[in-house]
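Residues per chain, in single letters:
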Amino acid sequence: MWLPILGLFIGLFIGFMTDFQIPDEYANYLSIAILAALDTLFGGIRAHLQDVYSEKIFVSGFFFNIMLAAGLAFLGVHLGVDLYLAAVFAFGVRLFQNIAVIRRILLARWTSKNENLEKN
Amino acid sequence: MNKKQWGFTIITVLIGVMLAIQFKTVKNTDVRDTRDTWQLREDLQNEEALRLELLKEIRSQEEKIAQYENNIAANKEEILRTTLDELKTEVGLTEKSGPGLILTIQPIAEELTIGSQVGKVTPDLLKRLLNELNRYGAKEVAIGGHRVINSTVIRDINNITKIDGYSIQTLPLELRVIVENEHDAEQMYKRMQVSKSIEDFFIENLTLDIELAENEITVPAYNEPIHMTDMKEAGKKSEGGHS
């Protein structure tokens, strides 16, 4: 449970410490990739809570979603259509849904725990 | 369980790195100055020259104001006359002399052009040359003894190149260019030596000789009435600074 959060902080630390920056033109792609990554992350957490988590699905989903989103943004730039909005929309909606499911599961667990405590 | 967590952790590390990079990129996107030292130095010099000019102008204007205020009654006429003279000088209605360059346009040696016609000075060539001279800081220019002012027209009328109605048919043609000071003259001389204009003239079977005048050279006054049918008086509140 704590390892992934620690990982997140380590990643942030590494990112801020290294003097690595991407050119402005690619900032769009990175932002959409981050959105995809966050979506996958919350999807993974949800799956974990629902006990349907699969490592393969998670890892492949992570990379595949990032590539799809960046590819869509790239295509959009070259077609002159803001296709990345499609990715933003899809991932945004999924993000909210996943977080809502996570919240419900956590709430349900919490209340059941309380009830158990009261019963005992 | 443990193995699951490792995959998760690696992914979160990746997400963290991405987030951090994105943060940094977004934070640092304010306009970056990409000019190098030389460009900066050049810009600074330009700005300083502009500032000097503006200061000079301010001083002259202030002096004028003071003069006006002091001698409103007494010397009105004289001041008006000096102002008029100044304006005339600025427009080009007076003779002017100073350091500068003498450019001579000549047909190239005959041996080289057997069979082809003698070169002709086209308006385009002249305009190009004038633009180049102006770019390098020419103050006053006279072409073949005719002063070039802001409203001068150079055009082709019936296959004859004319400057304000004077035809240019005889070669060699002499251009006199006056610049601000000797340093500028030297600089312009060097620049003109490598200028593309020389090649342009050569293509037309003409040579452009550039000579740095040792003494001060004089350009004649513009001796035509100036027609200003399309000009309007600028608004009173116009920002000063353009001389």
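Structure report, in brief. For clarity, every value in this text was computed on a predicted model and none was experimentally measured. (Residues numbered from 1 in each chain as written. Chains lettered and ligands numbered in written order. Predicted model: local features only at pLDDT ≥ 70, side-chain atom pairs only at ≥ 80, totals over all residues. Heavy atoms only, no water.)

### Describing the sheet that holds strand 5 (residues 154-157) of chain B
Residue and element names in this part refer to chain B. Using the following cut-off: Strands were regarded as paired on the criterion that DSSP finds at least two bridges between them. Here a strand is any run of E in DSSP of at least two residues, a helix any run of H or I of at least four, and the numbering for each starts at the N terminus. Contacts between residues were defined by any pair of non-hydrogen atoms, one from each residue, lying within 4.5 Å. Axis lines are fitted through C-alpha atoms, for helices just across the contact stretch, and the angle between N-to-C directions can take any value from 0 to 180 degrees.
Read across the open sheet, the 3 strands follow the order 5-6-7; overall the sheet is antiparallel. Both edges of this open sheet fall to strand 5 and strand 7 (166-167), since each of them pairs with a single strand only. In the sheet, strand 5 pairs with strand 6 (residues 160-163) via 4 bridges, with the strands oriented antiparallel. Residue pairing for strand 6: isoleucine 154 is matched across the bridge by isoleucine 163. Sheet contacts for helix 4 (residues 123-135): strand 5 and strand 6; angle to strand 5, the most-contacted strand, approximately 175°.

### Some details on the nonpolar core
Cut-off, in case you're wondering: Residues enter a nonpolar core if they are buried and are Ala, Val, Leu, Ile, Met, Phe, Trp, Tyr or Cys, with the set joined through side-chain atoms within 4.5 Å. With a 1.4 Å probe rolled over the protein chains alone, any residue whose accessible area is under 20% of its type maximum counts as buried; one over 50% counts as exposed, and the rest are partly exposed.
Ranked by size, the top nonpolar core spans 27 residues in total, and within it Leu103, Ile105, Leu133 and Ile143 of chain B carry the most contacts. Taken together, the elements giving at least two residues each to this core come down to strand 2 (100-107), helix 4, strand 3 (138-143), strand 8 (173-179), helix 5 (182-193) and strand 9 (206-212) of chain B. Here this core gets 5 residues from one element, more than from any other, and that element is helix 4 of chain B. Beyond its immediate sequence surroundings of up to four residues, leucine 133 of chain B is in contact with Leu103, Ala138, Leu175, Val177, Met188 and Met192 of chain B. Core analysis: the second largest hydrophobic core is formed by 23 residues, Ile32, Tyr53 and Ala69 of chain A together with Ile15 of chain B among them.

### Brief notes about empty space enclosed by the protein
Residue and element names in this part refer to chain B. Put simply, the rule reads: Every definition here rests on a 1 Å grid over the protein atoms only: cavities are sets of points where a 1.4 Å probe fits but cannot get out, pockets are open sets enclosed by protein on both sides within 12 Å along at least five of seven lines, and lining residues have some atom within 4 Å of a point. Grid points are joined across faces, edges and corners, and a volume is the space filled by probe spheres set on the points. When residues are sorted by character, Ala, Val, Leu, Ile, Met, Phe, Trp, Tyr, Cys and Pro go into the nonpolar class, Asp, Glu, Lys and Arg into the charged class, and all the rest, Gly among them, into the polar class.
For the structure on display, the rule yields 1 cavity of 30 Å³ or more. By volume, the largest cavity amounts to about 50 Å³. Residue lining of the largest cavity: His146, Arg147, Ile163, Asp164, Tyr166, Ala221, Tyr222, Asn223 and Glu224, and that is the complete set. In terms of residue class, the lining of the largest cavity is built from 4 nonpolar, 2 polar and 3 charged.

As far as function goes, none of this settles anything; it's purely spatial.
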